[in-house]
Amino acid sequence: MLRVEQLRKSFRLGRGRTIQAVDGVSLTLASGEVLGLVGESGSGKSTLGRTIAGLLPRDGGQVFFEGQPLPRQYRTTDFRRLARAIQMVFQDPFGSLNPRATVLKILAEGLEAGGLRGREVLRREAAGWLERVGLAPEHLSRYPHEFSGGQRQRIGIARALAPRPRLLICDEPISALDVSVQAQIVTLLGTLRQSMGLTLLFIAHDLAMVRHVADRMAVMYRGGIVEIGPADAVFRTPLHPYTRLLIAANPLPDPVRERTRLPLPPVGDLADAGAPVPGCRFAGRCPEAAPACRQTPPPLREVTDGRWVGCWHHVTEPRR
Amino acid sequence: MNPVLEVTGLEVAFATPGGTVQAVRGLDCRVLRGQTLAVVGESGCGKSTAMQAVMGLIPSPPGRITGGQARLNGRSLLDLSPRQLDRIRGREMTMIFQDPMSALNPTLTIGQQVAEPLRMHRGLGHSAAWRQAVALLEQTGIAAAERRARQYPHVFSGGMLQRTMIAMALAAQPSLLIADEPTSALDVTIQAQILDLLASLQRQRGMAIVLITHDLGVVARLAHRVAVMYAGLVVESAPVEALFAHPGHPYTVGLRQALPDPDPGEKRPLQPIPGAPPNLSDPPAGCGYAPRCPHAMRLCRDRPPPLFELGPDHQARCWLHHPQAPRRSGLQNRDGGS
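The following paragraphs examine the structure supplied in this document. If you're wondering where the values come from, they're calculated on a predicted model, not measured in any experiment. (Residues numbered from 1 in each chain as written. Chains lettered and ligands numbered in written order. Predicted model: local features only at pLDDT ≥ 70, side-chain atom pairs only at ≥ 80, totals over all residues. Heavy atoms only, no water.)

**A word on the overall build of chain A**
Scanning chain A from N- to C-terminus turns up 10 helices and 12 strands. For chain A, whose C-alpha radius of gyration is 21 Å, the value lies close to the compact-globule estimate of 20 Å for 320 residues. Considered along the principal axes of its C-alpha atoms, chain A spans approximately 65 × 50 × 45 Å. For chain A, the residues scored as buried account for 52% of the 320 residues in total. Counting only contacts in chain A whose residues sit at least 6 apart along the sequence, the fraction spanning at least 24 positions is 61%. Summed over all atoms, the accessible surface of chain A reaches about 14400 Å², with 51% contributed by carbon and sulfur. (Helix = DSSP H or I, 4+ residues; strand = E, 2+ residues; numbered from the N terminus. Rg over C-alpha atoms; globule rule 2.2 N^0.38 Å. Buried < 20%, exposed > 50% of the residue type's maximum accessible area, 1.4 Å probe, protein only. Contact = heavy atoms within 4.5 Å. Areas by Shrake-Rupley, 256 points an atom, 1.4 Å probe, with all protein chains shown as cover.)

Next comes the structure, spelled out in structure tokens:
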């Protein structure tokens, strides 16, 4: 359904410096699939999501949706034309909803983008969407600030789904929410995905949660994908040293295991990792880096069935 | 052993246009030397407010401490004058926050800011304080501390800023450190390093830590004891192993079931807690968790449950532990079985 090829996006930092936020990412999403995109801040995962959704123009590469190329830079007409293709849910349910619009108005915009017209139709459909996301029709006349964070995220989901898109990109949809509400939203997304036959790109930093949501998982570091594969397999037996580090660093709600855990290897901070080296993007912090890792970037290779890793330690052929 | 911090029956209220909000309706806890107490709960449960009250940081008005006691090394904190508090705060007890950038002065170098408490509380001269500040930054794991000390906060990463805050907090060698969501804004690899750092500093210095967090993983990593707060009240209090092995309050059970299973080999569906916490401007007559609780009885909605003793140092505020209540699976029972 979605094919991303060699997507690149950089930002100017001023004084002539740029940062390569997404550095040649390729991935595919099959219809009905949930792909989890995991990484820490600065990994480029949100930029990748926004670029795919057309909210940011890309510098290079191609994005195909159901075989059709998507424009490099969207015009207003493109957003209208593609409203039923891709929609997005954001992390901050405060900042992403217009504070001066009622819930009805917010949802009506989405419904109109999906091609619906007529006051009564919009009202009826908007009420239906509120029920589908676990809110009530009487909430239509209220404003975003009258809702809790979890309720606002429900409104954000209803807004995104109202045009009936085929692909939903969720950018950290639960990380601003309380634990008990996170599970509510994840469960809601799962239900809607099934009933609507949605395809999902789920961007998050929490591997354990992504494993629950996703069929496949892609791990990003400094603008590139370092590992991609079935979510469960990646979580159980991570192959890339960075994926292993992410899983080892995540504290588990189990004091017995936490008491016996070994301290992390001294991997430092991204800020200490220094400028990108010509080789592997993780070499600066990798506990297993060999001199050769700093010279040539490792290719993303399929090492076992459906499991791709970009690490020289998993390349069996001779190095170039 | 005498506790470093002992809090009993603490209550805090805020005057708001919508009426009085009873943010903390009852907090009892104690922390021993060299131990970590985790105060756990979701946003609005009162965990931060309670500890701000202990630190004397509740703005009044609109806030007011309406009841209870807090003692630091035996000395009552809540009736001290602002000047007396100033002498204790930063010296005997210090606090670190989720967002270190907002707690640092952007116009002073890192080294100057770490040196300040050393001069103020330990009476060191300028150059001695500077040398000590650099040593503290080194101890908290800042590489090239001498050079970094001359830099300003904006060039530091989030992890380095939090290390700086920890260095400042430790400067006066406090007996109590209150850490309010110290790693919630950090990436998981940096969080792990900061948690390891706090644990090792505690072992070296024997200080008591109150860790305010919503993250049960962080609790399992660092805490010796846990107090679970809900709707302004401690609903369960236990040694960390007992809390995870035999949770005694349905809210504690609910929090755990809402999280992914810790075991990579296991995968069970997430079980969300339905609904939302009560509005504390109109606190419920009975148990605040009853509307969301799968085990709630009529009694739960009518009368607030007292604390029941479940085992050594393990209490839960839940009617299910009344001798005449029906037994429920998944909850710690009075006789120690589950």
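The discussion continues.
**Regarding the packing of aromatic side chains**
Residue and element names in this part refer to chain A. For the coordinates displayed, the defined rule picks out eight aromatic pairs over all chains. With a centroid separation of 4.5 Å and 55° between ring planes, the pair formed by Y221 and Y242 is classed as tilted. Placement of the pair is Y221 in strand β9 (residues 216–221) and Y242 in helix α9 (residues 241–249), with a sequence separation of 21 residues. Just as Y221 is buried, Y242 falls in that class too. Ring pairing ties together the aromatic residues Y221, Y242 and F282, which thus form one cluster. Against the face of W129 rests R132, its NZ or CZ located 4.4 Å from the ring centre. (Phe/Tyr/Trp six-rings, centres within 6.5 Å; stacked < 30°, edge-to-face > 60°. Lys NZ or Arg CZ within 6 Å of the ring centre and 35° of its normal.)

**Quick look at the interface of chain A and chain B**
Counting from both sides, the interface comprises 38 residues of chain A and, opposite them, 46 residues of chain B. Taken together, the two surfaces of chain A and chain B that pack against each other cover about 3600 Å², and 57% of this comes from carbon and sulfur. One salt bridge in this structure joins B:E241 and A:R259, with 3.6 Å as the shortest N-O distance. Looking at the side of chain A that touches chain B, the elements with two or more residues in it are α6 (179–196), α7 (207–213), α8 (231–236), α9 and α10 (255–259) of chain A. Among the elements that take part in the side of chain A that touches chain B, α6(A) stands out by supplying seven residues, more than any other. A class-by-class count of the residues in the side of chain A that touches chain B yields 18 nonpolar, seven polar and 13 charged. (Buried area = accessible area lost by both parts, 1.4 Å probe. Salt bridge = Lys/Arg side-chain N within 4 Å of Asp/Glu carboxyl O. Nonpolar A, V, L, I, M, F, W, Y, C, P; charged D, E, K, R; others polar.)

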